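Next come the chains, spelled out residue by residue.
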Amino acid sequence: NQAAEHEKTSKRTSNELAEALEELQQLNTSAEADKQRLSEALAEASQDDASRSAEADETLRRLREELQSANEKSSELADSLDSANQDLIRHFRENEELSDEQKTL
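Residues numbered from 1 in each chain as written. Predicted model: local features only at pLDDT ≥ 70, side-chain atom pairs only at ≥ 80, totals over all residues. Heavy atoms only, no water.

Draft legend 1. Representation of the overall build of the protein. The helix and strand inventory of the protein stands at 1 helix and 0 strands. Relative to its length of 105 residues, the protein is extended, with a C-alpha radius of gyration of 44 Å against a globular reference of 13 Å. The C-alpha extent of the protein, read off along each of the three principal axes, is 150 × 20 × 10 Å. Expressed as a percentage of the 105 residues in the protein, the buried residues total 0%. For the protein, the computed accessible surface area is about 9800 Å², with 51% contributed by carbon and sulfur atoms. Each charge sign in the protein was given a centre, from 13 positive and 27 negative side chains, and these centres are 5 Å apart. (Helix = DSSP H or I, 4+ residues; strand = E, 2+ residues; numbered from the N terminus. Rg over C-alpha atoms; globule rule 2.2 N^0.38 Å. Buried < 20%, exposed > 50% of the residue type's maximum accessible area, 1.4 Å probe, protein only. Areas by Shrake-Rupley, 256 points an atom, 1.4 Å probe, with all protein chains shown as cover. Lys, Arg positive; Asp, Glu negative; His and termini not counted. Charge placed at Lys NZ, Arg CZ, Asp CG, Glu CD.)

Spelled out as structure tokens, the structure:
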């Protein structure tokens, strides 16, 4: 009787262990699938980050070129305005001299 009880307990323990092992194997399979999906998502995110970084670098380079061009044009315009201002001052002085000469005549 004791041997039969021991055999029942042993068989029940063996069945529970087999069920637990099967459940662990299923969990492991699920964990491996999750790991694979996460790995793929990480690789995709890394590619997206690299792509965005390259796009940002290109945009920054283009904006720097545009800013440089705008600065050069601004400098040219400033030189042109300075020259025009000098011409206006010279013409104003010439007109004053002519006016003074006309007054003396």
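What follows continues from the structure just given.
Draft legend 2. Highlighting the pattern of salt bridges. Using the criterion set out here, one finds 7 salt bridges in the structure. When the shortest N-O distance is used, the salt bridge between Arg37 and Asp34 registers 2.1 Å. With a gap of 3 residues between them, Arg37 and Asp34 both fall in helix H1 (residues 2–104), about one helical turn apart. In this structure, the salt-bridge partner of Glu65 is Arg61, at a minimum N-O distance of 2.4 Å. With Glu65 and Arg61 both in helix H1 and 4 residues apart, the pair spans about one turn of that helix. Classification of Arg61 by relative accessible area gives partly exposed; the value is 37%. In this structure, a network of salt bridges that share partners links the residues Glu58, Arg61 and Glu65. (Salt bridge = Lys/Arg side-chain N within 4 Å of Asp/Glu carboxyl O.)

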